[in-house]
Every structure is written in C-alpha cells, then in structure tokens.
Amino acid sequence: MAKSNSFDIVSKTDMEEVRNATHQTMKEVHQRFDFKKSCSDVKMEAENLVLVSDDEYKLQSLTAVLEEKLIRRKVSLKAFEYGKVESASGGTVRQEVAIQQGIPMDKAKEIVKIIKKAKIKVQAAIQGDTVRVSGRDRDTLQEVIQLIKGEDLGIDMQFTNYRSN
C-alpha cells in the first residue's frame, strides 16, 4: 500500500493555443465589415498580448472576438488580466493584456489557508509558483480537489502530477 500520495495545484496557460487564437482573431478581423479600413491588431509579446485599434469601441469589439476564439480553444479567461486603455500614436488606442503563468504568492497562501481551515488530513506546501498537496489517502486528496474547485479564487487552476509513493 502506498504511504503517501500527492498532487500539484498549478496555473499554466497553453501559449500555443493563445497564439492560435490570436491568429484566428486577426483572420476574422480582416474579413469583417465593421473593421474595414481599421488598424486593429493583436500582437503577442513574451508573456502578454497587445491590442491596438482605432477607438475604444473597436477595441472592445476586438477583445470580444479574441475572447470568443480563446473560449473555443478551451483557454480560461481567468488567465488574462486586462490593463488600462492608453492612447497610442496615430490616434489609436492600445491595451496590454497580461497572461498569467504560475500561481501568485498571495493566492498560493490563500489556497493553503483554505485547505488548513477545512481540517482535512493533508499537508499543503508552496513550492515556487505551485502548491503541492500530499496525504495518506487518495480520497482525502479528491476532497481537497473538490474543495479548491468550489472556491472562486479568480485564477485559472489545474491539478497535475498526481503521484503515489
């Protein structure tokens, strides 16, 4: 019988799916009538997206198209944090969108606090940008997964690396 079981709570965004969604967004923008003669664009830079358009209304439309494509590709919208709209050169507006990779320290502490408050016989440890949960019984680990899924922490989470030692 296994002495301990564990799993990791992580927050990873599939960057290839984000890239595909941005390409599909641009393809649709070039075909739509309401974007005719518009300088709307979605660019991917390292860990964030940059949205550029003629005015705030078109920027909102561009954001809606992008979100639709992300949802179709099963990328959670919780992984994106929209910055404020800034005016850019040529009379355009610009908005940066940060893509979340990893669990922030304050959210990791909140996850550990939720697990300890539930008084389930498991140990939760913060390891960089992941939270490792370990315990004796697989059923208790399943309880922890259901507990964390039930909480709305405002971040996209996955449960990976399930191990039996």
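Small disclaimer: the values here were computed from a predicted structure and weren't measured.

J.: Looking at this model, I keep getting lost on the side chain of Lys69. Mind explaining?
T.: Positionally, Lys69 belongs in helix α2 (residues 56-72). Setting aside residues no more than four positions away along its own chain, Lys69 makes contact with Ala21, Gln24, Thr25 and Glu28.

J.: So what exactly am I meant to see when it comes to the sheet that holds strand β8 (residues 130-135) here?
T.: Remark on secondary structure: sheet strands pair via backbone hydrogen bonds, oriented parallel or antiparallel. Reading across from one edge, β7-β8-β1-β9 is the order of the four strands in this open sheet, with antiparallel pairing throughout. Both outer strands of the open sheet, β7 (122-127) and β9 (158-164), are each paired with one neighbouring strand and no more. Averaged over all neighbouring strand pairs, the angle between strand axes comes to 20°, with direction disregarded. In the sheet, β7 pairs with β8 via six bridges, with the strands oriented antiparallel. Within β8, the position partnered with Ala125 by the bridge is Arg132.

J.: Is there a simple way to explain the side chain of Gln100 in this structure?
T.: Among the secondary structure elements, Gln100 is positioned in the loop between β6 (93-99) and α3 (105-117). Among the polar contacts listed, one links the side chain of Gln100 to the side chain of Ser11, at a separation of 2.8 Å. Among the polar contacts listed, one links the side chain of Gln100 to the backbone oxygen of Gly102, at a separation of 3.4 Å. Residues in contact with Gln100, not counting those within four places in the same chain, are Ser11, Thr13, Lys78, Ala79, Ile155 and Asp156.

J.: Even after reading the chapter, I still don't get α3, so can you show me in this structure?
T.: Owing to its 3.6 residues per turn, the α-helix brings residues three or four apart onto one side. The terminal C-alpha atoms of α3, which comprises 13 residues, lie 18 Å apart, in line with the 18 Å expected from a rise of 1.5 Å per residue. When we look at burial in α3, the residues that qualify are Ala108, Ile111, Val112, Ile114 and Ile115. Along the axis of α3, the buried residues cluster in a sector spanning 160°; they form a single face. Among the exposed residues of α3, those pointing more than 90 degrees away from its buried face are Asp106, Lys109, Lys113, Lys116 and Lys117. Of the residues one or two after α3, Lys119 is the one with positive phi, at around 55°.

J.: Any chance you could explain the packing of helix α1 (residues 15-31) against α2 here in plain terms?
T.: Packed helix pairs are specified by the crossing angle of their axes together with the interaxial distance, meaning the distance between the axes. Between α1 and α2, the shortest axis-to-axis distance is 9 Å and the interhelical angle comes to 135°. With respect to α2, the element α1 is oriented oblique. Between α1 and α2 lies a crossing of right-handed hand. Contact residues: α1 offers Val18, Ala21, Thr22, Gln24, Thr25, Glu28 and Val29, while α2 offers Leu62, Val65, Leu66, Lys69 and Leu70. Here the residues of the contact of α1 with α2 are counted per class, giving seven nonpolar, three polar and two charged.

Rules used in this analysis
- Residues numbered from 1 in each chain as written.
- Predicted model: local features only at pLDDT ≥ 70, side-chain atom pairs only at ≥ 80, totals over all residues.
- Heavy atoms only, no water.
- Helix = DSSP H or I, 4+ residues; strand = E, 2+ residues; numbered from the N terminus.
- Contact = heavy atoms within 4.5 Å.
- Pairing = 2+ DSSP bridges.
- Axes fitted to C-alpha atoms, helices over the stretch in contact; angles between N-to-C directions.
- Polar contact = N/O pair within 3.5 Å; in protein donor to acceptor, adjacent residues only side chain to side chain.
- Expected span 1.5 Å × (residues − 1).
- Buried < 20%, exposed > 50% of the residue type's maximum accessible area, 1.4 Å probe, protein only.
- Arc of directions from axis to C-beta.
- Parallel < 35°, antiparallel > 145°, perpendicular 65-115°, else oblique.
- Left-handed = near helix turned anticlockwise from the far one by under 90°.
- Nonpolar A, V, L, I, M, F, W, Y, C, P; charged D, E, K, R; others polar.

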